[in-house]
Amino acid sequence: MTMSLGRECIPALKEAAPAVLPSLLLCDFGNLEREVELLEEAGVAGLHLDVMDGVFVPNFTYGMTIISALRKLTDLPLDVHLMMVQPEKYIEAFRDAGADIITVHAEATKDACGLMNQIKELGVGAGIAVNPDTSVKVIEDAIPHADMALVMSVHAGFGGQSFIEPVLDKFDEIRNMPGGDDLILEIDGGINMSTIGIATERGAQLLVAGSAIFKQDDYSVAMESMMAQVKYNQ
Ligand code: DX5
Ligand code: ZN
């Protein structure tokens, strides 16, 4: 039986930072076991799972069944990114499926504080995400209740988009908010060899990469070339 660390994975990820998590959107879902083996060999810190409902974002991916399947394949932290409306309806089901972190979008809830506490009460790390056009002011109240803040550097919905560099200002803004020092900071979208340096320099600790890994033949080579560009000034 594989381990689900739950919220305990947060200190471990802070320790491992700066660390890359592959976004399982463009991977080969027909060979999930092999994909996970290759990603573990490549040294990823966890798996970032993009759940999309076709309503919050104009794309549809997968739900709890894929999370449960992955839970059976790996002890790596499962970092579940919910791009869905009414996430409160499904957080328990995603916890039961094996999620270690559940991130909801500030744009999808009116009660981010309550949702952070609900997720933590389920024993799962609580993340709050903001799209590029959303000011971090909207999550100021939720920050003290969250374990992680996810700054989107593309508009949620699709892999392979271009990096939106101005979002990097949000890391300092978050760090200067009450409770902002304790959070782990994650960035998601357009992370590759040429953007991972500036992203880590500006404070990103967890770096989600999709096409920069899955569009390469060798995941270990892709990881090595990205990690070689990381700025370790954390
Ligand atoms: C977009 C997802 C991202 C995306 C990253 O909505 O949340 O995780 O898949 O893919 P790349 O790295 O290709 O931008
Ligand atoms: Zn994502």
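Presented here is a report on the structure given in the accompanying data block. Within each chain, residue numbers correspond to sequence positions counted from 1 in written order. Numbering of ligands from 1 and lettering of chains from A proceed in the order in which they are written. Whole-chain, interface and lining totals are the exception, using all residues; otherwise, since this is a predicted model, local features are given only for residues with pLDDT of at least 70 and side-chain atom pairs are given and counted only at 80 or more. Calculation of side-chain values draws on the structure's entire complement of heavy atoms; hydrogens and water are dropped beforehand.

**Side note on the packing of aromatic side chains**
Spelled out, the test is: Put simply, two rings from Phe, Tyr or Trp (the six-membered ring, in Trp's case) pair if the centres are within 6.5 Å, and we call them stacked under 30 degrees between planes, edge-to-face over 60, tilted for the rest. Secondary structure elements are taken from DSSP: a helix is a run of H or I of four residues or more, a strand is a run of E of two residues or more, and numbering for both begins at the N terminus. Under the scheme applied here, a residue whose accessible area is under 20% of the maximum for its type counts as buried, over 50% as exposed, and between as partly exposed, the area being computed with a 1.4 Å probe on protein chains only.
With the rule as written, the count across this model stands at 2 aromatic pairs. A ring pair is formed by Phe-29 and Tyr-62, whose centres lie 5.3 Å apart and whose planes are at 55°; its orientation type is tilted. Of this pair, Phe-29 sits in the loop between β1 (19-24) and α2 (32-42) while Tyr-62 sits in the loop between β2 (47-52) and α3 (64-73), placing them 33 residues apart in sequence. Ring centres of Phe-214 and Tyr-219 lie 5.3 Å apart, and the angle between their planes is 80°; on these two criteria the pair is classed as edge-to-face. Judged by its relative accessible area of 11%, Phe-214 is buried. Taking relative accessible area as the criterion, Tyr-219 reaches 10% and is therefore assigned buried.

**Describing the pairing of strand β6 (residues 148-152)**
Note the threshold: Whether two strands pair comes down to DSSP finding at least two bridges between them. The crossover handedness rule: strands pointing away from the viewer, path from first strand over the helix to second strand clockwise, crossover right-handed.
Counting buried positions over the 5 residues of β6 gives 5, a clear majority of the element. Judged by which residues are buried, β6 turns out to be covered on both faces: Met-148, Leu-150 and Met-152 on one side and Ala-149 and Val-151 on the other are all buried. When β6 meets strand β7 (residues 184-188), the two strands line up parallel, connected through 5 bridges. Residue pairing in the sheet places Val-151 in a bridge with Ile-187 of β7. In this view, the connection linking β6 to its parallel neighbour β7 by way of helix α6 (residues 169-175) has right-handed handedness.

**Regarding the site of ligand 1**
Rules: For this purpose, a residue is taken to be near a molecule or strand whenever a single non-hydrogen atom of the residue falls within 4 Å of it. Any N or O atom pair separated by 3.5 Å or less is treated as a polar contact, with the protein-specific requirement of one donor-capable and one acceptor-capable atom, and with residues adjacent in sequence counted only for side-chain atom pairs. Using a 1.4 Å probe, the Shrake-Rupley method yields the accessible areas, and only the shown protein chains count as cover for residues. Asp, Glu, Lys and Arg are counted as charged, while Ala, Val, Leu, Ile, Met, Phe, Trp, Tyr, Cys and Pro are counted as nonpolar; the rest, among them Gly, fall into the polar class.
Neighbouring ligand 1 are 20 residues; Asp-50, Gly-157, Asp-188, Gly-210 and Ser-211 lie closest to it. At a separation of 2.3 Å, an oxygen atom of ligand 1 approaches a polar side-chain atom of Ser-211. Coverage of ligand 1 by the protein amounts to 99% of the 380 Å² it exposes when considered alone. Every element with two or more residues in the shell around ligand 1 is listed here: β2, β3 (78-83) and β8 (206-209). The element best represented in the shell around ligand 1 is β2, accounting for 3 residues. Each residue belonging to the shell around ligand 1 can be placed in one class, and the counts come to 8 nonpolar, 10 polar and 2 charged.

**Let's talk about the pattern of salt bridges**
To keep things clear, this is the line we draw: Salt bridge, as used here: a side-chain nitrogen of Lys or Arg that lies within 4 Å of a carboxyl oxygen of Asp or Glu.
Under the defined criterion, the tally for this structure stands at 6 salt bridges. Ionic pairing is found between Glu-37 and Arg-34, a salt bridge with its closest N-O pair at 2.9 Å. Here Arg-34 and Glu-37 lie together in helix α2, a separation of 3 residues that amounts to about one turn. A relative accessible area of 34% places Glu-37 in the partly exposed class. With a closest N to O distance of 2.7 Å, Arg-71 and Asp-100 form a salt bridge. With a gap of 29 residues between them, Arg-71 in helix α3 and Asp-100 in the loop between α4 (91-97) and β4 (101-105) connect regions that are remote in the sequence. Asp-100 matches Arg-71 in its accessibility class, with the two residues each being buried. Connected through salt bridges with shared partners, the residues Glu-92, Arg-95 and Asp-96 form a single ionic network.

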